[in-house]
Every structure is written in C-alpha cells, then in structure tokens.
Amino acid sequence: MEVVQIQRNLVDYTKSLFMEGFLDGQFLQLQQLQDESNPDFVAEVVSLFFDDSQKLLNELTIALDQPIVDFKKVDAHVHQLKGSSSSIGAQKVKNACIAFRNFCEVQNIEGCLTCLQQVKLEYYLAKNKFETLFRLEQQIVASGGSIPMIEMGF
Amino acid sequence: MSLLHVFGFGLKVGHLLWILCCWIASMISMNWFINGEFKNPKAGLLGDSGSKMWFKCWDEISNFSFKIHHQYYQYIGSKKVCKSLWRKLLFPWVIGWTLASVWIFYYMSSHATEKSKETLASMCEERARMLQDQFNVSMNHIQAMSILISTFHHGKTPSAIDQGTFARYTEQTDFERPLTSGVAYAVRVLHSEREQFERQQGWTIKRMDTLETSPIQEEYAPVIFAQDIVSHVVSLDMLSGKEDRENVLRARRSGKGVLTAPFRLLKTNRLGVILTFAVYKRDLPSNATPNERIEATDGYLGGVFDIESLVEKLLQQLSSEQTTLVNVFDTSNQSCPVSMYGSNSSNDGLEHVSHLNFGDPFRKHEMRCRFKQKPPLPWVAITTSIGILVIALLVGHIFHATVNRIAKVEDDCHKMMELTKQAEAADIAKSQFLATVSHEIRTPMNGVLGMLDMLMDTDLDVTQLDYVRTAQASGKALVALINEVLDQAKIESGKLELEEVQFDLRAILDDVLSLFSGKSQDKGVELAVYISDRVPKMLIGDPGRFRQIITNLMGNSIKFTERGHILVTVHLVEEVIDSIEVETESSSKDTLSGFPVADRRQSWKGFRTFGQEEPVHPFSDSINLIVSVEDTGLGIPLDDQSRVFTPFMQVGPSIARTHGGTGIGLSISKCLVGLMKGEIGFVSIPKVGSTFTFTAVFSSGSSSSKVHKSQQINSQSNTVSSEFHGMRALVLDPRPVRAKVSRYHIQRLGIHVEIVSDWKQALSIINRGNNAIHMVLIEQEVWDRDLSCSGLFINKLEKIGHGTPPKVFLLCNSINSSRGNTTTGACDLTIISKPLRASMLAASLQRAMGIGNKGNPRNGELPSLSLRNLLLGRKILIVDDNNVNLKVAAGALKKYGADVVSATRGIEAIELLTPPHQFDACFMDIQMPEMDGFEATGRIRDVEQNINNRVQFGGLPVDAYNNVSNWHVPILAMTADVIQATHEQCQQSGMDGYVSKPFEAEQLYLEVSRFFQ
C-alpha cells in the first residue's frame, strides 16, 4: 500500500475517533509532547495506560465481588482510572468513570456493576482503536513515511 | 330566685370566656415568643438592651403558659394525635352541654310549676275560707232564727208568730243570710196530734213528692212558716222527703246544724243544700243524749242554700274570677263525690283541693280550684337553656375551627419547609451544575488555548497569525465568561473565599487604568483615578477580587460612555461622612470633563454604614473604603434600575447585542462587595450618567499607616521612582476636580504640586523665584483655548532669568486629538496622554527631564518562549499516584526543557525533598491514596522548618545544606477540580499555588514565573 494512502487513512481514522467521541483534545496535547528526543512517547503512555487500567479493572472486579463492598476502595480505583483516561484523552472511558463514581457515592452495587461492564466495554473498544491507530503509524514508519499531524480544525 | 339563677348563668358564661381568653393569650404569647427568639440576636446586635430586659420580664410572665404549651407539644407529640384528641374532646363537650341545658330547662320549668301551684293553693284557700265564713254567718243567723221561733212561737201561747209575720221578718232579714235562698220552719207533729193540728192550721199535711195528703205516719214535720220565696213548701211534711227526713232526724239527734246532700231544688231546679236546725222545747245540756234531744224536739228550721248562685256571687266579689275554675264537691260519699258547683269538664292540669267545714261533721265538702288557661310555656327556661347550648356550641365551634386552623397552618408550614428545602436543593444543584459544566468547558478550552499558544510559536504567515490571534482572543473571552459563571456558581454555593494578602491599592488601580486606557483613548473619554491621601498604601484583603469589582464597574462605564469622563475615587468612609454636609453645595458643573454627572452622594444614601453613629472603631485595624465610579454615559432607564443587580439581567435585550456581556458582572460584584463586608449602590440619571459606589472593609497592611501623611507619600514615591523627590510642579487647570486628580498622581512621585487656574497666576508664581518650579503641567483644554496666550507663556518662561526654565508638559486626553510638537514649534513641549498613572507619568517625566531611565519594563505581556526560558534546566519533582498522569505531566515539563523526576507516593516525595536536595520545584497531585498532597506538603514544610531552625541556631553546618539557610521548595498543587482547590486551602497546607491538570501553558507560566526569575 502506498505510504500516502496509509497516511490519509491514519488521518481519517484519527478524525473519526474524535468525531465519535472516543478521543478528546488531550490526546492531541499528548501528541504535541512527542518529539525527536522522545519518539515513542504517545505509544508508551498509552500502553502504560492500558497496563494500569487492566490491573485496575481486575481489582475493581474483585472488589465488587466481595460480599461487603468497600466503596471507598472502589471509588479510589475509579478515580485513578478516570485520571489516567482523561490524561490520555480517552473520553468515553472517562465519561463512563464519571458515571461510575456517581454510583459509588450513593453506594449502589447494581449501578456499579453495570458501570463496571460499561467501563470494561469502553476500555476494550478504546484499546482496539488505539491498537489500530498505532498499527497504522507503525506501517507508515515501516514504509519510511512520517506521521502526519492531526489538525484541530474539525 | 330567678335573679340568683341568672347570676349563676352569667358566672358560667364568664368562666367560659375567661378560659377562651387565657387560651388565646397563651397562643399569641407563644407565637410571639417563637418569633422573638429569631429577632433576639438582631436586637442584641443593635445594642437594644431594653428589649432584652423586656424579654426577661415577659419570660417570667409567660413562663406558665409556655410550660403548658411545651408540655402540650411534648405530650401530644405528633400533630395527628393532637387533632384526633381535639375531635374526641369536642364530642363530649357538645353532649355534655346539651345535657346540661336540658337539665337547666327542667330545673327552671319545675320551679315555675311549683310557683304556680303555690299561687293556686293560696287562691283556693282564700276562696274556701270566704265561702266557709259566709256560710257560717248564714248558719248562725238561721240558728238565731231557731231561737227566735222557740221563744216567740213555742214559748208564748198563743204564738206570737204566724206565717205573715215570719215571712215579713225573714224577708227583711234576708241580707243577713246571703247564702240562703229561703228559710222555712217545720213543726214536730206526732200522729196523735195530727188531727188537732190540721184543724188548727186549716190544711192537711201533705207528702213532699206527690203533694197529696200524707198517709198515716208516726210523726210528721209539716212546714208551718216559710219565707215568701219558698212559701210553696208550707204544709209539706219534711219527713216525707228522703233527704229532708234524714236531715231532720240527724238534726234533732245532734242538736247541730245539719246539711243535706246537694240536690235539685224544687222550683229553681238548681243545685242546693238544705241546712236544718232542731228547735227544742227547753234548753238542753250539751251532753244530752240523742233520745233526750228527740224528746225535747219542737220543730225544725231549714234554710235552703243555693250553692251554685252563692259561689258565683262569691267569686264575682273576687277579682281573679277569670283566671281560675272553681268546683265544689260534696265528698261525704268518698267513692262518688257530688258536684255542687262548677262545670264538670275534667282537666288534667294543676288542681288544688281545699276542705270546707260547714259545721256538719257528717258531711264533708271540698273546693277544687284549677287555672282556666293552660299554664304558659316556660319561656325563660327555654331561652336560657337554648342560650347556654348556643354559647357552648359556639365555643366548641371556635375550638374546632381554631384546632383545624392550627393544623392547617402547621401543614402549610411543613409544606413550605419542604418547598424551601426543595428550592434550596434545586439552587445547590443549579450551582453544582454550573460549576461542573463550567469546569467541563474549561478543560477542553484550556486545550484549545494551549494549542493556539503553540500554534503561534510555529512559523505562520501574517494572515494565519491574525486568524490565530482572533481565535485566541475569542477563546480567552469565552474562558473569561466561564470564569464569571464559575464565580457566580462559587459564590452561590458559598465556596468562594477571599484571600488575605497584602496589596497596594494604588498599583491595582493603575493596572486597571492601563487596562482601559486604550479603549478610553479610542473613544475620547477621559479616564481618571483619585485616591485620597488618607487611604493607607498597603492593605490586606483580596486584591484580585477588588480588582474584579473595579474592572467590572469601569468596564460597564466605558461600555456605555461615549463622551465626557469616567472617574474613580477612593476615600475612607470617615472622610466622606465628614464631608457630606460640606460638599452638598458643590455645583454639578464642577466635574472632571465639565459634563453633568449623577450625584454620587445619592448612590450611598441607603448604605447602612452611614446610618450608624459610629461607623468604624477608630482604633481598630480595619480600613473602611468607599469607592465611586462615576461616568457620563447613557445612564440606566428608571424602569430597569431595580434589576441592575439581578444575574443575567441586562437593560433591554438590545443592549446585549450592542454591547455584549452576560449581565452577570454586577451581580458578582454585589456578591463580592458583600463578602468584603461592604455595600454597593448606584444612582443613575438617563442621558446624564451613572455613579456606582461601593464600600469594602480591609485591614491595615502595615503599621506605617499610622505614620504621618507626608511620610506615607514619600514611601509611595519610593516604590515608583525617587529621583523626582523634592521637585516642584505647577499644574495649570481651571477645573478643581481635574486638578485634584493631576495633583494626586504627581504627588505620588514625591513632587510638590501647586495648582493655578490661569496664565497670569502661573507666571507670577514662576517669577516669584524663591522656589524654583521644575515643571509646568498644562491641561490641554487651557492650551487649546487660546493658542496665542500659550505661545506667549512659553516665550515668557524661556526668558526667566534665574535657573533653568521649567519643563512644560501638556496633559492630553487622547493621542490622536493632541497637537503634538508640530503646533508648538520649537519649544520643547512634552505630551503626557491621560489617563495619568504613576508609572507612566514617571516615565514621561524621566524622558523629558533626562533623568536616567532605568528601563524597567512592566511585564504586562508574556514574553514568547518564556516558559521554555523559565523551565530550561530546572529540576522538578512530579508526584502523582497515577502513572499515566505522571507520564503526561513529565512529558509536558520535559518539553519545556525541565529535568523531571517522578514519584508516585507522598512518602517518596518527602524523602526526595528532605534537604539537601537539588529540586527547584515540585508539582504534587492533591488526591492520592495513603497520603494526599496537602499532608505530604505539610510534612515537607515541617522538615524544612526543622532544618532551617537548626541551621539558623548553629546546630547544623550550613555548608552541609548547599549553603542554603532557608529551605523552601515551591510546591504547586495539581488538580482537575478547580472549585475544590482554593488558594486558601493550598496556602494553609504550605503550598505555593496550584495548576490545573492537564497543564495549560499560560497558567503554568503565571504560577512558575513567581518562583523562577
């Protein structure tokens, strides 16, 4: 495949991610932070995010399985998840976390469980999207092209 | 009797009313007391000790009723129980009073019956006695007649009486026997004497019933004398009639008057009785036996009593004949009494029986009296009992209604409280929503603005740069608007707290002035600030919020003012109070630009501070400022003046389109003024202008506020520039207000100022020569008015012999309207454009007078690439428990060239930041598990303090700590929630500031630049 074609695909794909609300401006900021001295910055951060989040999700699943749920702990985990997702600009995960925290506040187990499923769903979706994104980028890099900047004017 | 009754009734009603009154009074007192409790603190605040005393008195008085109510509420507990209890009480109340009134009715009516019975009895007895007396009189007379007969008929031979004599006599003495209708005398004739008797009399003895000659009997009693009225009975044998015979026999046996049973009289056919007396031959002893009496009997005297007519006659004599019915009965035979008088209509009403004694022991008579009419209904009893019942029902109704009313009011109150709660909750929710939404908008906006910042750093052509600038300006406007909304929300949710930092009021006003100077110059509006000398240099308060209020008011003024001026004045409240009376005379023409203005004194007329006698404590630390912003703009239409401080309310919808703005500014200002313990007010005259005035309380910043005034001015000038100190200036300005403003600004530089109003005065002062004038500042208006004069003046100045001629400055309103050097030709005339501010004035003077320019540019705008300059090579610690956040923050700081170290836990941070260390700053997340940012910072500060102390007192060698004797690493909080993290909270825990997460370049710069220079 032509490099230009892949580049166009990447741009289109990224735009679609923004349009569908998976990502927000924070991801662009993140991309801005990546430069020659730190070429894999975004990928590192994102993979760190997924590792961390996977752990948090596991812990959340266990915490909510307990006969007596420690809502403080759950809330702290969700807060973590919310913080990191907002840092990388994974907007949908973040929104799901906000809803989750509301249920935590009122200690609603059913709501929490539903939200956990929602967050997990969003998490896997985001993971898929990001993987696709990075695969495209790698393809560009592999075929010797440069990664195009995403404009903000959409 | 009845009076007593009425009295008792009155007493009962009175008691009821008293109870009612007591109850109402206690209710009122309780309500009043509850209200009073809320009012009490207010009263105390006003220092009204009298009312407190009164409260105590009232407390004593109403203690009892209050207790009752207290118990009532405790005992009854819930309202429902109370209600049902009242219902239960009401029913027995009604029943009880119904029974009571029925009883009262019976009681009173029985009394009435008793009374009428007594009346009847007395009437009856009276009649009976009268009848008896009259009867006795008649009887006595008849007895007397019997004596007469025995004396003159039997005692004399021949008899002195014959029928004619007897008739005449009886006729004439008839009035003595009112009850008898006739008397007759029968003589006892034995059969043996019959023939002789018949011969002697000339007639035969006849039977009574048949009027025929009597058959042979043992003895006879023929009537020989009779009154004319009964003369038909002469010759009749009395023993032949059944009644008469019995009578005669009884009479002669007993020797007393004897009565027959009533019977129909022969002739008249009326009811009557016959009284019979026996006439004896000789006087008999009173104990004579019946046989002796029979033996001695000579004859019998009988009188006919026409009972019916007699009783009628008798009753006619008595007045009350109409009211009573009288019956007279012969009750000798108990089983069937014979009626002697009166109709037989049996009546079951009241009846009284009186016994009559007519002297015949064998016969018994009685009189029965009745009322003719039925007894009248007992109206008194009926009305009384009904009255009581009505009153009781009314009282019951009042109770019922009151209880219902109370219950209703309580219900309403509960509902109201519910609604209030809901409304409050809704309000909080609204504020929360606003805060959240604003925050959610801010976050992406920060991204947008940051990106725009970065975009401007890139290589752009002019058009692109223009677009980006516009975008950035719009974005900043949006953020400013959101900040306003956020402010409003914060204020409404009570989360806004004021800072307490030292600040220079004059510097702040200079800043604001410079902010608006461009706009005012564009519009040709004169802008001026005047701060009273008595306002101390340094104040403690919230400069940012103060600035916000001023900016707001000035922004509004400049928006609506097309000509004239905007004048900001700052005074102490005491000053203004003192001058209130003095200034009232000042004419409206004496304004900055000559245009009329709204009288600012009107704007603070309603302030509480001025209503009090002693507005501030003279020795306390608090400084009461009064700030007025006066403009000559459009003014506010009278109809809209009441809504000025309502949020989102603008004067007419078209204003928003013309001038923009949200209409939230004034409402925020009002809240802020309130937080500063002040008040805000305004006066506005359409087409003339508006004046907004507010007061604010600050505390005195430094002890130097008590030092003499001139020293204060000196210290002010030191901050700006000291090189003008001791110089003298002349201000040529005919308008006192404007001159005052000019003098204020020039004096700040330490320059002595004199004011003159025309050229001549100016020259004379300059020529006086003893005190050299270093500079002359001429108002543009004066200069323009007469150019030849001004030229002359300049010439004269140059010709002054002694010393260097003073520099001449022209004070211009706006640059584009100034003449510049061209008009004045060769003379060196420097133009100072208004608005005057100390720094700008100093710069102009320096330039003109050639005093060394220190070139101290105000860092009003951000130098480009400044962040990179500031952060390059700095060692910065970032603490955040979230790896991703940590990485992103580190990436951002690294991009600006900082050397970043990361830590994920508070404890790590403490270890790393324990001196000696190489860190220049630390960014710390607030919300972390185990140990949050505030706590970690606190610990770090403790450690630093500890080491500082020990180093200071020589306990530790300084060189071991990098020769730093005062360790204080700047710690900045990182937070995503700007509402939660207040400046104050950060300061309390020893933090130096906060930045929002994720980083925004400008904010980061502002915070960081405070530490890295």
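Residues numbered from 1 in each chain as written. Chains lettered and ligands numbered in written order. Predicted model: local features only at pLDDT ≥ 70, side-chain atom pairs only at ≥ 80, totals over all residues. Heavy atoms only, no water.

- An unreviewed UniProt entry annotates chain B as histidine kinase originating from Hibiscus syriacus.
- Taken verbatim from the UniProt record of chain B, the Catalytic activity (unreviewed entry) comment is "ATP + protein L-histidine = ADP + protein N-phospho-L-histidine."
- Under Subcellular location (unreviewed entry), UniProt gives the following word-for-word description of chain B: "Endoplasmic reticulum membrane". (UniProt positions renumbered as here; feature names shortened; annotations may be inferred.)

- In the annotation of an unreviewed UniProt entry, chain A is listed under the name Histidine-containing phosphotransfer protein and assigned to Hibiscus syriacus.
- The record in UniProt for chain A states the following under Function (unreviewed entry): "Functions as a two-component phosphorelay mediators between cytokinin sensor histidine kinases and response regulators (B-type ARRs). Plays an important role in propagating cytokinin signal transduction."

1. Regarding the overall build of chain B
- The secondary structure content of chain B amounts to 31 helices and 29 strands.
- Out of the 1013 residues belonging to chain B, those deemed buried represent 45%.
- Residue pairs at least 24 apart in sequence account for 73% of intrachain contacts in chain B once pairs closer than 6 positions are excluded. (Helix = DSSP H or I, 4+ residues; strand = E, 2+ residues; numbered from the N terminus. Buried < 20%, exposed > 50% of the residue type's maximum accessible area, 1.4 Å probe, protein only. Contact = heavy atoms within 4.5 Å.)

2. Some thoughts on the pattern of salt bridges
Residues and elements named next belong to chain B.
- Applying the stated criterion across every chain, the model contains 20 salt bridges over all chains.
- For Arg-728, the salt bridge is made with Glu-754, and the minimal N-O distance between the two is 2.7 Å. Pair noted here: Arg-728 is in strand 20 (residues 728-732) and Glu-754 is in strand 21 (residues 752-756), with a separation of 26 residues, a long-range link.
- With relative accessibility at 15%, the residue Arg-728 sits in the buried group.
- We note a salt bridge from Asp-733 to Arg-738, for which the minimum N-O separation is 3.0 Å. Like Arg-738, Asp-733 is buried.
- A single network of salt bridges, built from pairs that share partners, joins Arg-188, Glu-219 and Arg-252. (Salt bridge = Lys/Arg side-chain N within 4 Å of Asp/Glu carboxyl O.)

3. A word on the UniProt feature "modified residue: 4-aspartylphosphate" (unreviewed entry) in chain B
Residues and elements named next belong to chain B.
- Taken from the UniProt record, the annotation "modified residue: 4-aspartylphosphate" (unreviewed entry) applies to Asp-925.
- Within the element layout of this structure, Asp-925 appears in strand 27 (residues 921-925).
- Sequence-distant contacts of Asp-925, that is, excluding residues within four places in its chain, are made with Val-879, Asp-880, Asp-881, Gly-933, Met-974 and Lys-997.

4. Re the packing of aromatic side chains
- Evaluated as defined, the whole model comprises 22 aromatic pairs over all chains.
- Look at B:Phe546 and B:Phe694: their rings are 6.0 Å apart centre to centre, the planes differ by 65°, and that puts the pair in the edge-to-face class. With B:Phe546 in helix 13 (residues 543-560) and B:Phe694 in strand 19 (residues 689-700), this residue pair connects regions lying 148 residues apart in the sequence.
- In textbook terms, an aromatic cluster arises when at least three aromatic residues are bridged by ring pairs, as seen for A:Phe27, A:Phe49, A:Phe50, A:Tyr123, A:Tyr124, A:Phe130 and A:Phe134.
- The positively charged end of B:Lys670 is found above the aromatic ring belonging to B:Phe645, 5.0 Å away from the centroid. (Phe/Tyr/Trp six-rings, centres within 6.5 Å; stacked < 30°, edge-to-face > 60°. Lys NZ or Arg CZ within 6 Å of the ring centre and 35° of its normal.)

5. Considerations on the side chain of B:Arg194
All names here are of chain B.
- By the element assignment, Arg-194 lies in helix 6 (residues 194-201).
- One polar contact links the side chain of Arg-194 to the main-chain carbonyl oxygen of Pro-215, over a distance of 3.5 Å.
- If sequence neighbours within four positions are ignored, Arg-194 has contacts with Val-189, Ile-205, Thr-213, Ser-214, Pro-215, Ile-216 and Tyr-220. (Polar contact = N/O pair within 3.5 Å; in protein donor to acceptor, adjacent residues only side chain to side chain.)

6. A word on the state of the cysteines
- As enumerated under the stated definition, the model contains 1 disulfide over all chains in all.
- One disulfide bridge connects B:Cys124 with B:Cys369, the sulfur atoms lying 2.3 Å from each other. In this structure the cystine formed by B:Cys124 and B:Cys369 twists about its S-S bond by roughly 85°; its chirality is therefore right-handed. Placement of the pair is B:Cys124 in helix 4 (residues 79-154) and B:Cys369 in strand 12 (residues 365-371), with a sequence separation of 245 residues. Of the two residues examined, B:Cys124 and B:Cys369, each falls in the buried class.
- Free cysteine: A:Cys112, not disulfide-bonded; nearest cysteine sulfur from A:Cys104 at 4.0 Å.
- In this structure A:Cys112 comes out as buried when scored by relative accessible area, which is 0%. (Disulfide = S-S within 2.5 Å.)

7. Structural notes on unusual backbone geometry
Residues and elements named next belong to chain B.
- At Lys-677, a residue that is not glycine, the phi angle is positive and equals roughly 60°.
- Mapped onto the fold, Lys-677 is located in the loop between helix 18 (665-675) and strand 18 (680-685).
- One non-glycine residue, Lys-687, lies in the positive phi region at around 75°.
- Within the fold, Lys-687 resides in the loop between strand 18 and strand 19.
- Judged by relative accessible area, which is 67%, Lys-687 ranks as exposed.

8. With respect to the sheet that holds strand 29 (residues 993-996) of chain B
All names here are of chain B.
- In space, the 5 strands of this open sheet follow the order 26-25-27-28-29, with parallel pairing throughout. Edge strands, defined here as strands with exactly one partner in the open sheet, are strand 26 (899-903) and strand 29. For this sheet, the mean inter-axis angle between neighbouring strands, taken without regard to orientation, is 25°.
- Contacts between helix 29 (residues 933-952) and the sheet are confined to strand 27 and strand 28 (971-975), with strand 27 contributing the most and set at about 150° to the helix. (Pairing = 2+ DSSP bridges. Axes fitted to C-alpha atoms, helices over the stretch in contact; angles between N-to-C directions.)

9. Observations regarding the confidence of the model for chain B
Residues and elements named next belong to chain B.
- Looking at chain B, pLDDT values average 75 and 77% of them are 70 or higher.
- Within chain B, no element has a lower average pLDDT than helix 19 (residues 709-720), which sits at 40, and none a higher one than strand 16 (residues 565-572), at 88.
- Contacts for the low-pLDDT stretch residues 703-720, under 50 throughout, to residues beyond four places or in other chains number 28 contacts.
- Overall fold confidence for the complex sits at a pTM of 0.42, while the interface term, ipTM, reaches 0.80. (pLDDT = per-residue confidence, 0-100.)

10. Re the environment of B:Ile229
- Looking at the secondary structure, you find B:Ile229 in the loop between strand 4 (223-226) and helix 7 (242-254).
- Each C-alpha atom of the pair B:Ile229 and B:Ala167 lies 8.8 Å from the other, and the pair is 62 residues apart in sequence.

11. Notes on the sheet that holds strand 12 of chain B
All names here are of chain B.
- Spatially, 4 strands are ordered 10-9-12-11 in an open sheet, and the strand pairing comes out antiparallel. Two strands close off the open sheet at either side, each with one partner strand: strand 10 (338-341) and strand 11 (352-356). Across the sheet, the axes of successive neighbouring strands diverge by a mean angle of 30°, strand direction being ignored.
- As judged from the 5 bridges shared by strand 11 and strand 12, these two strands associate in the antiparallel manner. Bridge pairing in strand 12 links His-355 to Glu-366.
- In this fold helix 9 (residues 307-317) packs onto strand 9 (324-330) and strand 10, with an angle of close to 50° to the strand it touches most, strand 10.

12. Notes on the pairing of strand 29 of chain B
Residues and elements named next belong to chain B.
- Every second residue of strand 29 is oriented toward a common face, with Gly-993 and Val-995 on one face and Tyr-994 and Ser-996 on the other, all of them buried.
- Bridge count for strand 28 against strand 29 is 4 bridges, and the pairing is parallel. Paired with Leu-972 across the two strands is Gly-993, which belongs to strand 29.

13. Digging into a nonpolar patch on the surface
- On the surface, B:Phe91, B:Ile95 and B:Leu99 cluster together to form a nonpolar patch covering roughly 340 Å² of accessible area.
- With respect to the helices, strands and loops of the structure, B:Phe91 is situated in helix 4. (Patch = residues over 30% accessible without salt bridge, like charges linked within 9 Å, V, L, I, M, F, W, Y side chains within 5 Å. Areas by Shrake-Rupley, 256 points an atom, 1.4 Å probe, with all protein chains shown as cover.)

14. A word on helix 21 (residues 759-768) of chain B
All names here are of chain B.
- For helix 21, every residue scored as buried is listed here: Trp-759, Ala-762, Leu-763, Ile-765 and Ile-766. For helix 21, the arc enclosing every buried residue in end-on projection is 165°, short of the 170-degree limit, so these residues lie on one face. Turned more than 90 degrees away from the buried face of helix 21, the exposed residues are Lys-760 and Arg-768. (Arc of directions from axis to C-beta.)

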